[in-house]
Amino acid sequence: MTVNWATELADQTDFQWKAAFRPRLDTLTDEQYLWEPVPDCWSIRPRGDRADAPGTGDFTIDWTFPAPDPAPVTTIAWRLAHIIIGVFGMRTASHFGGPPVDHATYPSAATATEAVKQLDDAYALWIEGVRGLDADGLARPCGESEHKYATYPLAALVLHINREFLHHGAEILLLTDLHRHHLTSTTSTTRPHLAR
């Protein structure tokens with residue numbers, strides 16, 4: 001049996017994208033997008049007078065490198081930006097001829113609708129690139145743009161990106177569930193676990 005490994009790798013991500021993740025973002029509101037479930041979250045914020053903050057435009061991402069330890073909890077807005085820029089965008093630029101992308105120059109999305117559009121565009125370029133790989137493309141070294149993955153075959157990076165997307169996608173969906181529960185519990189007069 002001949003196995004098309006690029007198709008297998010792409011389908012692993014594409015199934016989750018189509019079946020579970022992307023449909024849930026159709027109803028993502030700005031309130032959910034920017035909701036901070038705990039104090040001191042990292043998010044997307046108005047630039048204000050922070051001229052040296054990352055990105056372009058009127059909004060910027062909370063970002064320092066290396067990240068603090070422990071890392072802050074991040075909002076849906078921050079996690080979407082991470083997937084758009086660091087997971088799909090930078091790798092599409094490095095390996096599939098996509099436009100250059102980095103946190104320093106990317107225009108952070110002020111709204112859920114804008115972020116989902118950015119995500120759709122980044123994902124489309126990534127998945128098209130993966131589907132276009134042949135056996136030699138999957139076997140070639142990632143190169144210096146990938147630092148610790150430099151000598152690994154591109155297939156290893158694709159697997160890593162799949163894990164990153166699945167991980168952060170699940171976090172985003174959990175935050176939408178928590179936000180919905182938070183609204184329900186804060187508008188209820190009696191909390192079920194206290195009623196006896």
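Since we're looking at a predicted model, the values are computed, not measured.

Novice: Is there a simple way to explain the environment of His 160 in this structure?
Specialist: In this fold, His 160 is placed in helix 6 (residues 154–187). We classify His 160 as buried; its relative accessible area is 15%. Here the alpha-carbon distance between His 160 and Tyr 106, two residues 54 residues apart in the chain, equals 23 Å. Residue contacts for His 160: discarding those within four places in its chain leaves Arg 91 and Tyr 149.

Novice: What exactly am I supposed to notice about empty space enclosed by the protein here?
Specialist: Unoccupied space between atoms shows up once a probe the size of one water molecule is rolled over them. Per the counting criterion, the structure on display carries one cavity of 30 Å³ or more. By volume, the largest cavity amounts to about 50 Å³. What lines the largest cavity is simply Tyr 33, Ile 44, Ala 77, Leu 80, Ala 81, Ile 84, Ile 85, Tyr 106, Ser 108, Ala 109, Ala 115 and Gln 118. In terms of residue count, helix 3 (residues 76–95) provides more of the lining of the largest cavity than any other element does, five residues in total.

Novice: Quick question: what am I supposed to make of the pattern of salt bridges here?
Specialist: Side-chain pairing between opposite charges can occur once the charged atoms of the two side chains come close. For the coordinates displayed, the defined rule picks out 12 salt bridges. A salt bridge links Arg 22 to Asp 120; the nearest nitrogen and oxygen atoms lie 2.7 Å apart. Of this pair, Arg 22 sits in the loop between helix 1 (5–21) and helix 2 (30–34) while Asp 120 is found in helix 4 (residues 112–131), placing the two residues 98 residues apart along the sequence. With its nearest N and O atoms 3.0 Å apart, the salt bridge here joins Asp 177 to Arg 180. Separated by three residues within a single helix, Asp 177 and Arg 180 lie in helix 6, roughly one turn from each other. Judged by its relative accessible area of 27%, Asp 177 falls in the partly exposed class.

Novice: Quick question: what am I supposed to make of the nonpolar core here?
Specialist: The nonpolar side chains of a soluble globular protein tend to be buried with one another. Ranked by internal contacts, the top residues of the largest apolar core, which has 46 residues, are Phe 21, Leu 25, Leu 28, Tyr 33, Leu 80, Phe 88 and Leu 119. Of all the elements in the fold, those that place two or more residues in this core are helix 1, helix 3, helix 4 and helix 6. Tallying contributions element by element places helix 3 first for this core, with 10 residues. If sequence neighbours within four positions are ignored, Phe 21 has contacts with Gln 16, Leu 80, Leu 119, Phe 165, Gly 169, Ile 172 and Leu 173.

Novice: Please clarify how the layout of surface pockets should be interpreted in this entry.
Specialist: Empty space within the largest pocket amounts to approximately 630 Å³. Along the wall of the largest pocket there are 26 residues; nearest its centre are Trp 63, His 82, Gly 86, Met 90 and Arg 91. Residue assignment for the lining of the largest pocket shows that the elements contributing at least two residues are helix 3 and helix 6. Per-element accounting of the lining of the largest pocket gives the leading share, eight residues, to helix 3.

Cut-offs and rules
- Along each chain, the written sequence defines residue order, and numbers are assigned to residues from 1.
- Local features in this predicted model are restricted to residues whose pLDDT is 70 or higher, and side-chain atom pairs enter the listing and the counts only when it is 80 or higher, whereas totals over whole chains, interfaces and linings include all residues.
- To obtain the side-chain values, all non-hydrogen atoms of the structure were included, while hydrogens and water were left out.
- Here a helix means four or more residues in a row that DSSP labels H or I, a strand means two or more in a row labelled E, and each is numbered from the N terminus.
- The rule is simple: take the accessible area with a 1.4 Å probe, protein chains only, and divide by the maximum for that residue type; under 20% is buried, over 50% is exposed, in between is partly exposed.
- The criterion used for residue contact is that any of the two residues' heavy atoms lie within 4.5 Å.
- Grid points spaced at 1 Å and placed over the protein atoms alone form the basis of the search, with a cavity being a set where a 1.4 Å probe fits but cannot get out and a pocket an open set showing protein on both sides within 12 Å along at least five of seven lines. Lining residues have an atom within 4 Å of a point.
- Grid points are joined across faces, edges and corners, and a volume is the space filled by probe spheres set on the points.
- Salt bridges, as used here, are contacts in which a Lys or Arg side-chain nitrogen is within 4 Å of a carboxyl oxygen on Asp or Glu.
- What is meant by a nonpolar core is a set of buried Ala, Val, Leu, Ile, Met, Phe, Trp, Tyr and Cys residues, joined one to another through side-chain atoms within 4.5 Å.

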